[in-house]
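Tertiary structure, described
This is what each chain is made of:
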Amino acid sequence: SSGINAEWPLRPGSRKMRLLAWEKIKPNDLKRSSGNLWESYSSSPLDSKIIDFDEVEELFAQPEKKKVEKKEVAKKKEPTFVSLLDPKRSLAINLITKNLRMSYKDISIAIRSCDREKLNGDQVSGLLNILPETTEVEMIRNFGGPPETLAEAERFYVSLITVPEYALRLKCMKFSFEFKSITEDLEKRVDNLLSAGIKILESEDLKELLHILLVVGNFINTGGYAGNAMGFKLSLLSKIHEIKSNKPRMSMMHVLVESIEKNKPELLHFYKKLGNLSEISKIDNADNEKELNAFSKNVNSIQASLSRLDQESIDRFKDIFEEASRFCSETERKIQEINGLEDRYIKFFVLDKRNYSLKECIKVMGVFCTKFEQAIGENKKRKEQEERLARRKAEMAKRETLPRAKKKGMPPPQEECLIDNLLSEIRGGLKLRKTQSMSGPPRANGASKNIQKSNATSMEKWKKTKIALIVTNRKKKDDEGVALAQINVSVA
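Just so it is clear, the model here is predicted, and its values are computed rather than measured.

1. Section: the overall build of the chain
Across its full length, the chain holds 18 helices and 0 strands. The proportion of buried residues among the 492 residues of the chain is 28%. Taking as baseline every contact in the chain between residues at least 6 positions apart, the subset at least 24 positions apart corresponds to 77%. Accessible surface, the chain as shown: approximately 35,300 Å² in total, 54% of it carbon and sulfur.

Put into structure tokens, the structure is as follows:
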């Protein structure tokens with residue numbers, strides 16, 4: 001028959017083969033094309049021995065997919081830690097302990113031994129800020145699980161609470177670090193205030209200076225209601241530099257300084273013996289007393305608790321607390337002495353206790369001393385200026401009184417030389433380039449015009465320069481005349 005042999009292919013493959021990508025001719029197309037190539041093949045089947053189908057199958061069979069058995073990889077479970085504290089609290093504890101760069105055990109050992117080499121002042125202050133509260137300590141102690149299952153902050157507390165009296169030990173360490181800085185600063189302020197207060201009361205130079213001021217004031221107030229005063233309120237000392245005199249830039253303070261410099265020069269630098277009153281006046285004895293009370297309370301509180309520590313720790317801090325106790329007693333005595341000074345000031349300067357305190361008195365004295373010192377420098381500067389003007393006035397007066405013949409023999413001033421030279425040049429005329437040679441051939445018109453133009457430009461420049469010199473020198477003479485007039489007015 002002309003159809004396809006039903007026995008084709010001789011046997012099916014046992015495995016799934018790869019696809020041979022060809023385009024099949026449809027059976028209907030084969031029937032319409034009689035005597036085609038493919039029709040002859042169907043009538044004469046191919047011998048099956050020609051092709052080794054087993055080999056073809058092996059070569060073109062689809063590779064079998066091996067089933068990969070997925071091995072279940074056991075994920076390592078991260079250990080879960082138990083947190084008992086508030087998250088913010090835990091974070092604060094972790095930040096401070098990490099900065100110490102020590103294990104929790106080493107931190108506890110350093111606290112137990114009060115080791116001030118392993119823990120500095122800042123680190124001790126940090127540890128004091130994160131000490132556990134009573135409820136937190138109970139929470140840690142009541143935890144029934146193993147300590148290693150606790151979070152970082154909780155494990156630090158587990159280690160810390162094993163140290164007996166850890167809070168007291170840290171307080172003692174902090175006190176030892178801060179003792180010197182606190183006492184030195186407070187002692188300096190108290191000593192400066194006490195010293196300045198006593199020096200003002202005992203200064204003989206200040207007493208004499210105020211006596212001079214009283215005499216000057218009574219002279220000024222003669223015939224008035226304020227005259228014939230037996231004394232004056234201390235407030236005047238802070239205003240005396242504001243009282244202007246008839247002389248420009250000169251106040252009553254300048255007059256007082258000038259009088260003392262001429263007649264009592266040994267009093268001129270009295271303020272140097274009193275110290276820096278401007279700075280000392282900022283010290284408030286009430287603040288000193290409050291600070292001392294707080295410090296003393298802290299010392300007594302820690303000392304009362306020292307007996308709870310072991311003997312080695314007590315001996316470690318014994319000398320520091322004994323020194324602190326002596327400091328408190330001595331400073332308390334000085335503060336009471338300063339308080340007593342206030343009554344002495346009220347009596348000494350005849351002040352109203354309701355309006356004045358020791359701090360206010362020292363402030364007034366500080367202003368007075370500062371302005372007094374400034375007046376010394378200002379008087380010196382003004383005196384130098386007056387001396388320069390006096391010398392210039394004397395020179396000009398001497399020149400005016402000399403006879404004319406002697407004046408000619410004296411070297412003329414610079415401005416006269418310039419004017420004389422200018423007049424001489426004007427009379428003599430300006431030498432210009434000739435526009436045409438008398439003996440030579442005549443020049444071209446262009447060259448002659450250029451020379452004339454050059455001469456005109458030179459003449460114009462010469463005139464402007466000379467006029468500027470005359471104006472400058474006349475202005476200089478006018479300025480000197482004004483200065484002389486001012487000197488005459490000042491002298492008058």
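2. Some details on the environment of Thr149
On the secondary structure map, Thr149 appears in the loop between α7 (134-141) and α8 (152-160). Between the alpha carbons of Thr149 and Val82 there is a distance of 6.0 Å; along the sequence they are 67 residues apart. When residues no more than four places from it in sequence are discounted, the contact partners of Thr149 are Thr80, Phe81, Val82 and Phe143. A distance of 2.6 Å separates a polar atom in the side chain of Thr149 from the backbone oxygen of Pro146.

3. Side note on the packing of helix α6 (residues 121-129) against helix α9 (residues 166-202)
Look at α6 against α9: their axes get within 9 Å of each other, and the N-to-C directions meet at 145 degrees. Where α6 crosses over α9, the two elements pack in a sense that is left-handed. Residues Gly121, Val124, Ser125, Leu127 and Leu128 of α6 touch α9, and the partners they reach there are Ala167, Leu170, Lys171, Met173, Lys174, Phe177 and Glu178. Along the lines of polarity and charge, the residues of the contact of α6 with α9 split into 7 nonpolar, 2 polar and 3 charged.

4. Some words on unusual backbone geometry
In the Ramachandran plot, Cys114 falls in the positive-phi region, its phi being about 50 degrees despite a non-glycine side chain. Positionally, Cys114 belongs in the loop between α5 (104-112) and α6. Under the relative-accessibility criterion, Cys114 is labelled buried at 0%. Backbone geometry at Val350 places phi at a positive 55 degrees, although glycine is not the residue there. With respect to the secondary-structure elements, Val350 resides in the loop between α14 (311-348) and α15 (358-401). Looking at Val350, the relative accessible area reads 56%, which means it is exposed.

5. Thoughts on the side chain of Arg89
Structurally, Arg89 can be placed in helix α4 (residues 87-100). Here the side chain of Arg89 touches Tyr157 through a polar contact of 3.0 Å, side chain to side chain. Not counting residues within four places of it along the chain, the set of residues in contact with Arg89 comprises Asn129, Ile130, Leu131, Pro132, Glu133, Glu136 and Tyr157.

6. Structural notes on the packing of aromatic side chains
Overall, the coordinates contain 14 aromatic pairs when judged by the stated rule. Ring geometry for Phe179 against Phe295: centres 6.4 Å apart, planes inclined by 25 degrees, an arrangement best described as stacked. Here Phe295 lies in helix α13 (residues 285-305) and Phe179 lies in helix α9, a separation of 116 residues in the sequence. Their ring planes at 45 degrees and their centres at 5.7 Å tell us that Tyr345 and Phe349 sit as a pair that is tilted.

7. Digging into the environment of Asn221
Within the fold, Asn221 resides in the loop between α10 (204-220) and α11 (252-263). Non-local contacts of Asn221, meaning those with residues more than four positions away in its chain, are made with Ala226 and Gly227.

8. Here's the deal with α6
Each full turn of the α-helix corresponds to 3.6 residues, which orients residues three or four apart in the same direction. All of the buried residues along α6 are Val124, Gly126 and Leu127. Buried residues of α6, viewed axially, fall in a sector of 160 degrees; they line one side. Exposed positions of α6 whose direction lies more than 90 degrees from the buried face are Asp122 and Asn129. Buried residues belonging to α6 abut α4, α5, α8 and α9. Its side-chain oxygen 3.2 Å from the backbone nitrogen of Asp122, Asn120 forms the N-cap of α6.

9. Considering the state of the cysteines
Within this structure, the stated rule accounts for 0 disulfides. Cys172 forms no disulfide, and the closest cysteine sulfur to it belongs to Cys114, at a distance of 6.7 Å. Overall, the relative accessible area of 0% leaves Cys172 in the buried class.

The rules we used
Residue positions within a chain follow its written sequence, with the count starting from 1. Per-residue local features are limited, in this predicted model, to residues with pLDDT of at least 70; the limit for side-chain atom pairs, both in listing and counting, is 80 or more; totals at the level of whole chains, interfaces and linings are taken over all residues. Processing note: side-chain calculations cover all non-hydrogen atoms of the structure and skip hydrogens and water entirely. Numbering of helices and strands starts at the N terminus; helices are DSSP runs of H or I of at least 4 residues and strands are runs of E of at least 2. Only protein chains enter the area calculation, which uses a 1.4 Å probe; residues under 20% of their type maximum are buried, those over 50% are exposed, and those in between are partly exposed. In this analysis, two residues are considered to be in contact whenever any of their non-hydrogen atoms come within 4.5 Å of each other. Residue exposure ignores everything except the shown protein chains as possible cover, and the areas themselves are Shrake-Rupley values with a 1.4 Å probe. Two N or O atoms count as a polar contact when they lie within 3.5 Å, although within protein this holds only if one can serve as hydrogen donor and the other as acceptor, and sequence-adjacent residues are included solely when both atoms are side-chain atoms. Orientation is described by lines fitted to C-alpha atoms, with helices fitted over the stretch in contact, and by angles between N-to-C directions that extend from 0 to 180 degrees. Here a crossing is taken to be left-handed if its near helix is turned anticlockwise relative to the far helix by less than a right angle, and right-handed if that turn runs clockwise. Under the scheme applied here, ten amino acids are nonpolar (Ala, Val, Leu, Ile, Met, Phe, Trp, Tyr, Cys and Pro), four are charged (Asp, Glu, Lys and Arg), and all others, including Gly, are polar. Stacked, edge-to-face and tilted are the three classes for Phe, Tyr and Trp ring pairs, Trp counted by its six-membered ring, which pair at centre distances within 6.5 Å; planes under 30 degrees apart are stacked, over 60 edge-to-face, the rest tilted. Each direction from the helix axis to a C-beta atom contributes to the arc, which is the arc of those directions. Working definition: a disulfide is two cysteine sulfur atoms within 2.5 Å of each other.

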